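Read off the chains here:
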Amino acid sequence: MRKIYILLSAMSAAFGAAQEKDSAELISEVRIDAYKKPAVLISSTKSVSVVSGNLLNQNPPERMLESINQISGARMEERSPGSYRISLRGSTLRSPFGVRNVKVYLDDFILSDASGNTYFNVISPELINRMEIYKGPESGDYGAVTGGTLLLRTSNSEKASAQLASGSYGMFNQSFTISKQLGEHFVELFQNYYQTDSYRAQSKVNRKQVFVKDHFSYSEKGLLKGMILYADLDYQTPGGLTLEQMQADRKQARPATKTLPGATDQDVGIRNKMILAGLSNEYNFNTHFSHFILVQGSYVNFENPFITNFENRFEKNFALRTHFNYEKNWEHISLAYRFGFEGGINEIIVKNYDNNRGIQGNPQNFDNFKNTSGFYFISQKLNINDKFFTDISLSLNSNAYDWERSFLDVAKGKVSFKNQWLPNFGLNYLFAKGFSVRAKIGKGNSAPTNEEIRASDQQFNVMLKPEYGWNKEFGIRKQFGNAVFVEGSYFDFRMKDAIVRRQNDAGQEFFVNSGESVQKGLELLMETKSFNLKNDIFSFFKFRISGSFYRFTFENYRQNDADYSGNDLTGVPQTTVNSLLNFVLFKKLAVDYSHFYTSKIPLNDANSVWSEPSLVGNIQFRFPFELDKTRLNIFLQIQNLYNEDYVSGFDINAFGNRYYNPAVKRNFVFGVKVDF
């Protein structure tokens, strides 16, 4: 009760102070990029949220969990340090780790591979300057996903900074970034090193990253962009525990059984080296007609010593995106068209060996497979009198796998999924300045990723089908005066052939289509501007609160003799409420005080096991001061302020009831950021 009282008190204080007047920019006038289809937030037809610098500042050095989880409808989970997954409206059903069923772009470039898998955990939070989160299927410009889309943005202004941080459990983080305009070139160089021993046994993390980009304005009409990203991520995975094991010792790794060794015995973990490079060109032929194209490639060297095997994966990826754009403006009407194509090829060599206590042993299986996917798309934007806005799109999506087993057995095959037409239609009407109503309907389709077609059970699941469904939603955005912005969205998504993770008795995963699901939800946001109270003691503050209220259920879902129809969807909490209060004391000391409430979660399809609800609080203190032309920001973060016993990422439908990955107790991060 004490924790809930603190949260409600902060909300009450924010509402009271929100009555103050000031002249700051309207929150509703934030502009979104929407992958080169810019719009003002208040007039956008899309279910989109912007993660600004204020939210990104809440992240500790290793993850983006704190900023993403402030967004209603978005949820980032941490099974163990280095092992993260992201759900948009419940899409972690298929993600034991990593990001699936969510398309991710980094600036112009595509971070997701052709199959839909994204190694999101290789990205340092400090590289990202801004995020746009699109919830639900967008289909047209972004292709075939049912979860949503993330647009990650790096720096777009000149700066030079360095950061050092140290914290609990041997955490150390160092980063350096410089971005500068050099003639016709805008260049950025970013470097990061991070390590931690972590809270649990067998959960050390080491990450190294280098990022270089160059934006070359070679003429008044043309802009050429290039980038290279190199990441080297090595993290141990402690594995899931039963409830009894977690209550006995939260810090232990998965122990050995009578038939299987434990996580520490086998030195279980992930080693991922990845390089991604690409070029894009945008050329404006005239004020109406332009063309965009990008080509990119990546290479991944992936090792996963697991309880029962040692897996090596060698991945080569190639992707192309191109579109023609036409825009025309009249006195009261503006119209824009886009026609394009995005496609990719994902070639993988995967080799499984015995795992001899973390060392590669005798071979088990060698497989080659290739995924080819792509979509053609056409979209239209219409604006009438800056009052009525439409965004209409249609895409034709294809996806196919070729596979071949070369050891121990010899076999080969092909899986081609039926081409899918995916329409999307949205409209928005601006009734008055700062008040709009929007409606949207669209179809999503998401084919199995490479790690679902061939999961860790080492079998090719040729019977697995894409999941698909229609999403309908309605939303309101309202600005009150010049102070408070509120937004509400209601959606109804009906999904067929939902892909769900299973585990066998060895802990190996496989995936099945689980019938149908009905996903209905309400998402709310209230955010104030930053108020200047003109007080020497309590000088500035800003507040936001967001909530997601879901009713997700299985329909027509039977498993053997059990009928799970009507059960709550596995791994999805019915309620999440998140808040952030920023204030400044004595005109210098900035304080960020955040809360994350999560209701109980069903951990298996039978709904026979549920998690406990949790309320986690974080607080951060930031103190800036000037040294000549150098600005120092000293910060102290206290994570899990109330020392809550909670789990930040469950293993759903886990064999042997090993659902639990205990999160770290109260911990500290102390550091300094220097802006030159």
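Residues numbered from 1 in each chain as written. Predicted model: local features only at pLDDT ≥ 70, side-chain atom pairs only at ≥ 80, totals over all residues. Heavy atoms only, no water.

Enquirer: Looking at this structure, I do not really get the pairing of strand 22 (residues 388–407). What am I missing?
Expert: In regular strands, side chains alternate between the two faces of the sheet. Inspection of the sheet shows strand 21 (residues 359–384) paired to strand 22 by 19 bridges, in the antiparallel sense. Note on strand 22: the bridge partner recorded for F369 is W403. Taken together, strand 21 and the strand that follows it, strand 22, pair antiparallel across an intervening segment of three residues, in which N385 is found at a positive phi of about 60°. Note: strand 22 against strand 23 (residues 411–432), 17 bridges, orientation antiparallel. From the neighbouring strand, A400 faces strand 23, where its bridge partner is S416. (Pairing = 2+ DSSP bridges. Helix = DSSP H or I, 4+ residues; strand = E, 2+ residues; numbered from the N terminus.)

Enquirer: So what exactly am I meant to see when it comes to the nonpolar core here?
Expert: Burial of nonpolar side chains together is a common tendency in soluble globular proteins. Counting 68 residues, the largest nonpolar core has F120, I128 and M131 as the members making the most contacts within it. If you tally residues by element for this core, the top one is strand 16 (residues 222–236), at five residues. Once residues within four sequence positions are removed from consideration, I128 is found in contact with L56, M64, L106, I123, L152 and R153. Counting residues in each nonpolar core, the second largest holds 15 residues, with A483, V577, L581 and Y642 among its members. (Core = buried A, V, L, I, M, F, W, Y, C linked by side-chain atoms within 4.5 Å. Buried < 20%, exposed > 50% of the residue type's maximum accessible area, 1.4 Å probe, protein only. Contact = heavy atoms within 4.5 Å.)

Enquirer: How should the pattern of salt bridges be read in this particular structure?
Expert: Tallied over the entire structure, the rule returns 48 salt bridges. As a salt-bridge pair, D645 and R250 come within 3.8 Å of each other at their nearest N and O atoms. Here D645, found in the loop between strand 37 (630–639) and strand 38 (667–675), pairs with R250, found in the loop between helix 4 (243–248) and strand 17 (269–284); they are 395 residues apart in sequence, far enough to count as distant. What makes R250 buried here is its relative accessible area of 14%. Put simply, R551 and D568 hold a salt bridge, and the shortest N to O gap is 2.4 Å. Of the two residues, R551 is situated in strand 31 (residues 538–555) and D568 in the loop between strand 33 (562–563) and strand 34 (575–585); the sequence distance between them amounts to 17 residues. Note on R551: relative accessible area 43%, which makes it partly exposed. (Salt bridge = Lys/Arg side-chain N within 4 Å of Asp/Glu carboxyl O.)

Enquirer: Is there a simple way to think about the packing of aromatic side chains in this case?
Expert: Pairs of aromatic rings are described using the distance from one ring centre to the other and the angle between the two planes. Applying the stated criterion across every chain, the model contains 31 aromatic pairs. Considering the side-chain rings of F366 and F407, the 5.2 Å spacing of their centres and the 35° angle between planes classify their relative orientation as tilted. Of this pair, F366 sits in strand 21 while F407 sits in strand 22, placing them 41 residues apart in sequence. We classify F407 as partly exposed; its relative accessible area is 26%. Three or more aromatic residues joined by ring pairs make a cluster, and in this case those are Y35, Y105, Y134, Y142 and F292. We note K478 situated over the ring of F480; from NZ or CZ to the ring centre the distance is 4.8 Å. Over the face of the ring belonging to W610 we find K600, whose NZ or CZ atom lies 4.8 Å from the ring centre. (Phe/Tyr/Trp six-rings, centres within 6.5 Å; stacked < 30°, edge-to-face > 60°. Lys NZ or Arg CZ within 6 Å of the ring centre and 35° of its normal.)

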